[in-house]
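A look at the structure
Chain residues, written in single-letter form:
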Amino acid sequence: MSDKGWQSDQLGDVHRRSDKATRVRSMFAAIAPSYDLNNRLHSFGMDQLWRRALVRMSGVAAGERVLDVATGTGDVALAFARRDAEVLGVDFTPELLRIARGKRVEGHPRPLYVAGDAKRLPVADGSFDVVSIAFGIRNVDEPEVALGEFYRVLRPGGRLVILEFSQPGFAPVRWMNRLYCEVVMPRTAALIARDRVNAYRYLPASVSTFWDRGALMGAMGEAGFGAVRSRALTFGVARLYRGDKA
Ligand SMILES: C[S@@+](CC[C@H](N)C(=O)[O-])C[C@H]1O[C@@H](n2cnc3c(N)ncnc32)[C@H](O)[C@@H]1O
């Protein structure tokens, strides 16, 4: 397991490691077959409600072009497709994209998927109405570079929407959430999904050491986005962000 995923002693500084991208990709490749099941079980089905809230926050209209970055198994792409948007999903883990390509929503346009890096998106300047990224920005090494890319590929008037885990502000909820994420979830993930790459230890470690709300909103502003705003979901366990390109 040395070069795949994470060793326990590597989890203290995940965002500063030079091998973050390699380890993140090998971790997601290893858990790809059980990724959706783990999401549903560990969020008690809330993850799909959060993704739908992300789509609503984007204000997407039928026929608009959406780029879903770090699309994974395509659940956000499908939520946009349900609104009859034209969706392209990008991700750097082919094992997840294979699962995404097998999904569709009857009666709605099928999203397209392409392998690519959030830091060098394989699309033209100004070519999308909406860019979305769910539970992805925290996983990208150099997220400020990715934010610059999101700005580049949006047309003037385009919207960036982000969904990410967060630390609840109310202390008792924060403690309960920490107990659940740091103690319960890694154990159930090991049992259910035979997590051999410490993905469910990486998750709370990467959330607690990532940009907080102010830092993420500040970075969105630095990348050029205006009218930056944020909304808590489920007591602040997760958060939505939106920024607009003038
Ligand atoms: C937690 S998953 C989220 C997947 C999906 N958006 C969802 O809602 O389930 C994080 C995703 O980020 C992708 N990822 C991380 N860094 C990336 C990068 N630099 N470029 C493209 N994808 C990246 C991983 O491959 C993985 O699919």
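With an unreviewed UniProt entry as reference, the chain is termed Demethylmenaquinone methyltransferase, source organism Mucisphaera calidilacus. What UniProt states about the chain under its Sequence similarities (unreviewed entry) heading is, verbatim, "Belongs to the class I-like SAM-binding methyltransferase superfamily. MenG/UbiE family." Regarding the chain, the relevant UniProt record gives this comment under Function (unreviewed entry): "Methyltransferase required for the conversion of demethylmenaquinol (DMKH2) to menaquinol (MKH2)."

The subject of this paragraph is the pairing of strand β1 (residues 65-69). Taken across its 5 residues, β1 has 4 buried, putting it largely inside the fold. Each parallel crossover has a hand, and the one from β1 via helix α4 (residues 75-81) to strand β2 (residues 86-91) is right-handed.

Position of Val-173 relative to the elements: it lies in helix α7 (residues 171-193). Residue Val-173 is classed as partly exposed on the basis of its relative accessible area of 21%. The spatial distance from the C-alpha of Val-173 to the C-alpha of Val-237 is 8.6 Å, given a sequence separation of 64 residues. When sequence neighbours within four positions are dropped, the list of residues in contact with Val-173 reads Pro-168 and Phe-235.

Let us now look at helix α9 (residues 213-222). Listed as buried for α9 are Leu-216, Ala-219 and Met-220. Each buried residue of α9 lies within a common arc of 105° when the element is viewed along its axis, so the set occupies one face. Count one or two residues on from α9 and you reach Gly-224, which has phi positive near 115°.

The next point concerns the pairing of β2. Buried residues dominate β2, accounting for 5 of its 6 residues. For β1 and β2, the ladder comprises 5 bridges, and the chain directions are parallel. By the bridge assignment, Leu-67 is partnered in β2 with Leu-88. Note that β2 and strand β3 (residues 112-115) share 4 bridges and pair parallel. Bridged to Asp-91 within β3 is Ala-115.

Residues in contact with the ligand amount to 20 residues; listed here are only the nearest, Tyr-35, Ala-70, Asp-91, Thr-93 and Ala-118. Take Tyr-35: an N or O atom from its side chain is 2.6 Å from an oxygen atom of the ligand. In the model, a nitrogen atom of the ligand is placed 2.9 Å from a nitrogen or oxygen of the Ala-118 main chain. Elements that contribute at least two residues to the shell around the ligand include exactly α1 (20-31) and α2 (35-42).

With respect to topology, 7 strands assemble into an open sheet ordered β3-β2-β1-β4-β5-β7-β6, the strand pairing being mixed. At either margin of the open sheet sits one strand with a lone partner, and together these are β3 and β6 (226-233). Pairs of neighbouring strands in the sheet enclose a mean axial angle of 20°, with direction left out of account. Against the sheet, α9 touches β5 (154-165), β6 and β7 (238-244), its axis set at about 20° to β7.

If you look at the biggest cluster of nonpolar residues, it comprises 26 residues, and the most contacted ones within it are Leu-67, Leu-147, Phe-150, Leu-160 and Ile-162. Of all elements in the fold, only β1, β2, β4 (128-134), α6 (143-153), β5 and α9 reach the threshold of two or more residues within this core. Top contributing element to this core by residue count: α6, with 4 residues. Here Ile-162 is in contact with Leu-54, Ile-133, Ile-137, Leu-147, Leu-216, Met-220, Arg-239, Leu-240 and Tyr-241, once residues within four sequence places are set aside.

Another aspect to go through is the UniProt feature "binding site: S-adenosyl-L-methionine" (unreviewed entry) in the chain. Residues annotated by UniProt as "binding site: S-adenosyl-L-methionine" (unreviewed entry) correspond here to Thr-73, Asp-91, Asp-117 and Ala-118. Looking at the element boundaries, Asp-117 is found in the loop between β3 and β4. Residues in contact with Asp-117, not counting those within four places in the same chain, are Val-90 and Phe-92. Relative to the helices and strands, Ala-118 is located in the loop between β3 and β4. We classify Ala-118 as buried; its relative accessible area is 9%. Leave out the neighbours within four places in its chain, and Ala-118 touches Val-69, Val-140, Ala-146, Glu-149 and Phe-150.

The rules behind the values
Residues numbered from 1 in each chain as written. Predicted model: local features only at pLDDT ≥ 70, side-chain atom pairs only at ≥ 80, totals over all residues. Heavy atoms only, no water. UniProt positions renumbered as here; feature names shortened; annotations may be inferred. Buried < 20%, exposed > 50% of the residue type's maximum accessible area, 1.4 Å probe, protein only. Helix = DSSP H or I, 4+ residues; strand = E, 2+ residues; numbered from the N terminus. Right-handed = clockwise from strand over helix to strand, strands pointing away. Contact = heavy atoms within 4.5 Å. Arc of directions from axis to C-beta. Pairing = 2+ DSSP bridges. Near = heavy atom within 4 Å. Polar contact = N/O pair within 3.5 Å; in protein donor to acceptor, adjacent residues only side chain to side chain. Axes fitted to C-alpha atoms, helices over the stretch in contact; angles between N-to-C directions. Core = buried A, V, L, I, M, F, W, Y, C linked by side-chain atoms within 4.5 Å.

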